[in-house]
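Overview (structure and organization)
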Amino acid sequence: MPELPEVETIARGLDKSVAGDVIESVWIGSKPQPLKSSAKEIARVLEGARINRVKRVGKHIVVDLAPSGEWIVHLGMTGQMLVATPESDLAKHTHLVAKLSSGRELRFIDPRRFGRLSVHKPESAFAAQGGEPLEVSEEEFIKLFKGRKTPIKSALLNQKLLSGVGNIYADESLFRAGVRPRRRASTVTSEQLRKLYKAMRVVLEEAIKAGGSSVSDYVDADGEEGFFQLQHRVYMRTGEPCFTCKTPIKRVVIAGRSSHYCPHCQK
DNA sequence: AGGTTGACCTGGACGC
DNA sequence: TGCGTCCAGGTCAACC
């Protein structure tokens, strides 16, 4: 599922291949749409616009348009943004196709329809979002969890605190920091939080290097899979031996999300 | 007000 | 084979 490293990989790929291109026309599917803005509004903003740049904010892909405007894509769980040739088959669950002046197409595909598309004025979209996990300082990071009764895992997933960490990278960061996911955030010592801060940065950076984790439907803008799933130490390894101590990995549900941890290595 | 839960979705895995 | 059931999880509304 697309979290920060996957979205970063896709945004970089899109920026490389479509920056400078112009959207000539837009087709939007007729089924109940994963849209936040109306189809009309999206088409109005996209058609005729030049793509300045594609970047990532939290788990969102932001397409900077000229003369003005932003097209924001959230991939949900199963969303894909693909650059394709017009003759390649249209995948089932394709919700939007943008024809580019270079002759290629930018396609948004999302089987589960948890994704969301919207258009905004420049720089207006992300007021309520938390900080970027790879940009906040250690002090800011530690402050986020002060006095919170919620499990540390839930706090990591809260996009208003930090935007970009999802279920995979929360579990992997907590394992590397040696902290159990159910620990209340306020009871995690500052020493452990410092460890968690470093672990989160290492995990996210390694995952970006590996092109993300391909579980479920994730592929990058060119349709290529990532490799970080091969480096997961706890995520989806329920019952398998911990790589460090051989204790079977446990799965528990926290805030409705499955959470994986080693009962021996994580306290 | 902060924390928690369920609904939204489809496809794939599994049991009988 | 086919049917039913469960599970995956990001986000948001509704609830406590």
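1. With respect to the sheet that holds strand β2 (residues 50-57)
Within the open sheet, the four strands sit side by side as β2-β3-β4-β8. Their pairing is antiparallel. Each edge of the open sheet carries a strand with a single partner, namely β2 and β8 (116-120). Direction aside, the axes of adjacent strands within the sheet are offset by 20° on average. Relative to strand β4 (residues 70-74), strand β3 (residues 60-66) runs antiparallel, the two being bridged by five bridges. Bridging across to β4, V62 finds its partner in I72. Set on the sheet, helix α1 (residues 4-18) makes contact with β2 and β3; between it and β2 the angle comes to about 165°. Packed onto the sheet, helix α2 (residues 39-46) meets β3, β4 and β8 and runs at close to 55° relative to β8.

2. Thoughts on the protein's contact with DNA strand C
If you check the shell around DNA strand C, you find 13 residues, and the closest are H74, M77, R112, F114 and R257. The sugar-phosphate share of atoms of DNA strand C within 4 Å of the protein amounts to 49%. Contact distances for DNA strand C include 2.5 Å between a base nitrogen and a side-chain N or O atom of R257. S258 places a polar side-chain atom, nitrogen or oxygen, 2.8 Å from a phosphate oxygen of DNA strand C. Partitioning the surface near DNA strand C into residue classes produces four nonpolar, four polar and five charged.

3. Digging into the nonpolar core
Soluble, globular proteins show a tendency: their nonpolar side chains are buried together. Counting residues in hydrophobic clusters, the biggest one holds 34 residues, and the most contacted among them are F141, F145, I152, L156, Y169 and L196. Elements with a minimum of two residues in this core: α3 (138-144), α4 (152-157), α5 (167-177) and α6 (190-209). Ranked by residue count, the leading element in this core is α6, at nine residues.

4. Things to note about the packing of aromatic side chains
Each aromatic ring pair is described using two quantities: the centre-to-centre distance and the angle formed by the ring planes. Taken as a whole and judged by the stated rule, the model has three aromatic pairs. Ring geometry for F141 and F145: centres 5.0 Å apart, planes at 70°, overall edge-to-face. Note on F145: relative accessible area 1%, which makes it buried. Taken together, the ring pairs in this structure connect F141, F145 and Y197 into an aromatic cluster. The ring of F243 carries the charged tip of R237 above its face, separated from the ring centre by 3.8 Å.

5. Brief notes about the protein's contact with DNA strand B
Surveying the vicinity of DNA strand B reveals the residues K92, H93, P111, R112, R113, F114, R148, K149, T150 and P151. Within 4 Å of the protein, the contacting atoms of DNA strand B are 66% sugar and phosphate, with bases supplying the remainder. The separation between a phosphate oxygen of DNA strand B and a polar side-chain atom of K92 is 3.4 Å. Between DNA strand B and R148 there is a distance of 2.9 Å, counted from a phosphate oxygen to a side-chain nitrogen or oxygen. Of the residues contributing to the surface near DNA strand B, the split by class is three nonpolar, two polar and five charged.

6. Re the sheet that holds strand β1 (residues 23-28)
What holds strands together in a sheet is hydrogen bonding between their backbones, with the strands either parallel or antiparallel. Spatial ordering of the open sheet is given by β1-β6-β7-β5, a layout of four strands whose pairing is antiparallel. In this open sheet, the two strands that pair with only one neighbour each are β1 and β5 (80-84). Taken over all neighbouring pairs, the strand axes of this sheet differ in orientation by 15° on average, direction set aside. Here five bridges tie strand β6 (residues 94-100) to strand β7 (residues 105-109), and the two strands are oriented antiparallel to one another. Among the inter-strand pairings, T94 is bridged to a residue of β7, identified as I109. In this fold α1 packs onto β5, β6 and β7, with an angle of close to 25° to the strand it touches most, β5. Contacting β1 and β6, α2 crosses the sheet at an angle of about 165° to β1.

7. Focus on the layout of surface pockets
One number sums up the size of the largest pocket: a volume of about 520 Å³. Along the wall of the largest pocket there are 19 residues; nearest its centre are M1, K59, M77, N167 and R257. Class assignment for the residues of the lining of the largest pocket results in eight nonpolar, seven polar and four charged. Here the second largest pocket defines a volume of roughly 170 Å³. Looking at the second largest pocket, the residues that line it are K36, H60, I72, V73, H74, R116, L117, S118, H120, A125, F126 and Q129. Among the secondary structure elements, those contributing two or more residues to the lining of the second largest pocket are β4 and β8. Of all the elements, β8 adds the most residues to the lining of the second largest pocket, at four residues. Taken together, the residues of the lining of the second largest pocket break down into five nonpolar, five polar and two charged.

About the thresholds
- Residues numbered from 1 in each chain as written.
- Chains lettered and ligands numbered in written order.
- Predicted model: local features only at pLDDT ≥ 70, side-chain atom pairs only at ≥ 80, totals over all residues.
- Heavy atoms only, no water.
- Pairing = 2+ DSSP bridges.
- Helix = DSSP H or I, 4+ residues; strand = E, 2+ residues; numbered from the N terminus.
- Axes fitted to C-alpha atoms, helices over the stretch in contact; angles between N-to-C directions.
- Contact = heavy atoms within 4.5 Å.
- Near = heavy atom within 4 Å.
- Polar contact = N/O pair within 3.5 Å; in protein donor to acceptor, adjacent residues only side chain to side chain.
- Nonpolar A, V, L, I, M, F, W, Y, C, P; charged D, E, K, R; others polar.
- Core = buried A, V, L, I, M, F, W, Y, C linked by side-chain atoms within 4.5 Å.
- Buried < 20%, exposed > 50% of the residue type's maximum accessible area, 1.4 Å probe, protein only.
- Phe/Tyr/Trp six-rings, centres within 6.5 Å; stacked < 30°, edge-to-face > 60°.
- Lys NZ or Arg CZ within 6 Å of the ring centre and 35° of its normal.
- 1 Å grid on protein atoms, 1.4 Å probe; cavity = no way out; pocket = protein on both sides within 12 Å on 5 of 7 lines; lining within 4 Å.
- Points joined across faces, edges and corners; volume = space filled by probe spheres on them.

Function cannot be inferred from these measures alone, as they are strictly geometric.
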